[in-house]
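# Examining the three-dimensional arrangement
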Amino acid sequence: MRIVRLPAAMQRIALQWKRSGCPIGFVPTMGFLHEGHLSLVRAARRRVGPAGAVVVSIYVNPTQFAPTEDLSRYPRDWKEDLRLCRREGVDVVFAPTDAAMYAGRDAGDYSTYVAEEQLTRGLEGAARPTHFRGVTTIVAKLFNVVLPDVAVFGAKDWQQAAVVRRMVADLNFPLKVVVAPTHREPDGLAMSSRNVYLSAEERAQAVVLWRALQQARAEVKATGKSLRADALRARLTALIGTQPAARIDYVEFFDPDTMVPVDRVSRGTQLAMAVFIGKTRLIDNGKV
Ligand code: AMP
């Protein structure tokens, strides 16, 4: 497994692979890898086959964090990340520095950003106004550096995957976006690098996001028809409110393709939630 730090070096390797007809699978991450990330690595490997190349990027991208967010304390474990990537048969770990990715940004010499303007309006885009511009910019840059044929994203960040897919279509990136299912802990909590922030008590309460998703599914299944979104939201809000550490940022029902909120919830409607458990902001989503 190679560890590559410089975008130009990564690009050279990717171009060599391309010339020799070797397909490239790519999994962008911010590191502190868990089974959710590794399930994406396996999906990338399945897509490119044993003779293909799998690249994992590990980069905590500053432009997708607001000044008030957790950039400086975002969890990191470089040695363990490398061990896991090696174990999964990753070919290259691309781990650039900020200086390499955003040369001159602090000096005001970096000024090009990519912004998707429709799917980013609600949900995470509304709660974190500068977030998606950072995501689309870094993902576009990483695509230009890694030159993947297939890029794998997690359904855990549903809106992010949809936004990236739209960017790829709108900007004619020659690659396929694959979205892999959310990997969960045995009790249903969606795996996330940020779960490490939770105290034992908060960890126990965090499962309420999964219980809310399950309740929405059960209610829609039980009626067999559609339900009023505001009434269902009120019931889920009450359920989440039973946990003393929980504070809701949003609970939204929306069309999974357009991201537009819906008034009525039926099978196939997407539910997304952002809930603070103590100081830790967790997100989860799924089809009801
Ligand atoms: P992150 O390191 O949090 O930026 O995540 C990198 C990629 O892993 C993104 O495409 C995420 O959607 C995906 N991911 C994170 N957590 C999970 C999970 N529990 N299951 C599946 N994919 C995940």
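Definitions and limits used
Residues numbered from 1 in each chain as written. Predicted model: local features only at pLDDT ≥ 70, side-chain atom pairs only at ≥ 80, totals over all residues. Heavy atoms only, no water. Near = heavy atom within 4 Å. Polar contact = N/O pair within 3.5 Å; in protein donor to acceptor, adjacent residues only side chain to side chain. Areas by Shrake-Rupley, 256 points an atom, 1.4 Å probe, with all protein chains shown as cover. Helix = DSSP H or I, 4+ residues; strand = E, 2+ residues; numbered from the N terminus. Nonpolar A, V, L, I, M, F, W, Y, C, P; charged D, E, K, R; others polar. Pairing = 2+ DSSP bridges. Axes fitted to C-alpha atoms, helices over the stretch in contact; angles between N-to-C directions. Contact = heavy atoms within 4.5 Å. Phe/Tyr/Trp six-rings, centres within 6.5 Å; stacked < 30°, edge-to-face > 60°. Buried < 20%, exposed > 50% of the residue type's maximum accessible area, 1.4 Å probe, protein only. Domains from an automatic or database assignment. Buried area = accessible area lost by both parts, 1.4 Å probe. Salt bridge = Lys/Arg side-chain N within 4 Å of Asp/Glu carboxyl O. Lys, Arg positive; Asp, Glu negative; His and termini not counted. Parallel < 35°, antiparallel > 145°, perpendicular 65-115°, else oblique. Left-handed = near helix turned anticlockwise from the far one by under 90°. Right-handed = clockwise from strand over helix to strand, strands pointing away.

## Some details on the site of the ligand
As a structural note, the neighbourhood of the ligand is formed by 17 residues, with His37, Gly154, Asp157, His183 and Met191 the closest of them. Between the ligand and Gly154 there is a distance of 2.9 Å, counted from an oxygen atom to a backbone nitrogen or oxygen. Within the contact set of the ligand, a nitrogen atom lies 2.8 Å away from a backbone nitrogen or oxygen of His183. Across the complex, the protein chains shield 93% of the 480 Å² of accessible surface that the ligand would expose by itself. Of all the secondary structure elements, the ones that give two or more residues to the shell around the ligand are β2 (24-29), α2 (35-48) and β5 (150-154). Residue contributions to the shell around the ligand peak at three residues, all from α2. Tallied by class, residues from the shell around the ligand come to seven nonpolar, eight polar and two charged.

## Section: the sheet that holds strand β11 (residues 280-287)
Spatially, β8-β10-β11 is the arrangement adopted by the three strands of the open sheet, whose pairing is antiparallel. Of all strands in the sheet, those bounded by a partner on one side alone are β8 (246-254) and β11. Averaged over all pairs of adjacent strands, the angle between their axes in this sheet comes to 15°, without regard to strand direction. One ladder, built from eight bridges, connects β8 with strand β10 (residues 270-277); its direction is antiparallel. Its bridge partner being in β10, Tyr250 is matched across the sheet by Ala274. Packing of helix α10 (residues 229-241) onto the sheet brings it into contact with β8 and β10, and relative to β8 it is tilted by some 155°.

## With respect to the packing of aromatic side chains
Tallied over the entire structure, the rule returns six aromatic pairs. When the ring of Phe65 is compared with that of Tyr74, the centres are 6.0 Å apart and the planes differ by 80°; the resulting orientation is edge-to-face. Phe65 sits in the buried class, given a relative accessible area of 7%. Looking at Tyr74, the relative accessible area reads 7%, which means it is buried. Where Phe143 meets Phe153, the ring centres are 6.4 Å apart and the plane angle is 80°; that geometry is what we call edge-to-face. Of the two residues, Phe143 is situated in helix α6 (residues 131-146) and Phe153 in strand β5; the sequence distance between them amounts to ten residues. The same class applies to Phe143 and to Phe153, which are both buried.

## Let's talk about the domain arrangement of the protein chain
Here the protein chain is described as being made up of domain 1 (2-180) and domain 2 (193-287). Using only C-alpha atoms to locate each centre, domain 1 and domain 2 end up separated by 27 Å. For the pair domain 1 and domain 2, the two sides together bury roughly 1,700 Å², of which 55% comes from carbon and sulfur. Residues Arg281 and Glu124 are paired through a salt bridge, measuring 2.8 Å at the closest nitrogen-oxygen approach. Applying the counting criterion to the domain 1 and domain 2 interface returns ten residue pairs in polar contact (both at pLDDT 80 or more). Residue classes in the side of domain 1 that touches domain 2 are distributed as ten nonpolar, four polar and six charged.

## With respect to the side chain of Lys156
By the element assignment, Lys156 lies in the loop between β5 and α7 (158-170). Of the buried charged residues, Lys156 lacks a salt bridge, with Asp157 as the closest side chain of opposite charge at 4.5 Å.

## Observations regarding the packing of α6 against α7
Here α6 crosses α7 at 55°, and the two axes come no closer than 10 Å. What the angle tells us is that α6 and α7 run oblique. Viewed along their axes, α6 and α7 form a crossing whose handedness is right-handed. Of the residues in α7, those touching α6 at Phe132, Val135, Thr136, Val139, Ala140 and Phe143 are Gln159, Gln160, Val163, Val164, Met167 and Val168. Among the residues forming the contact of α6 with α7, the class breakdown is nine nonpolar, three polar and no charged.

## Examining the pairing of strand β6 (residues 176-180)
Where β5 meets β6, five bridges bridge the pair, whose relative direction is parallel. Counterpart to Phe153 in the pairing with β6 is Val179. Between the parallel pair β5 and β6, the chain is carried across by α7, and the sense of this crossover is right-handed.

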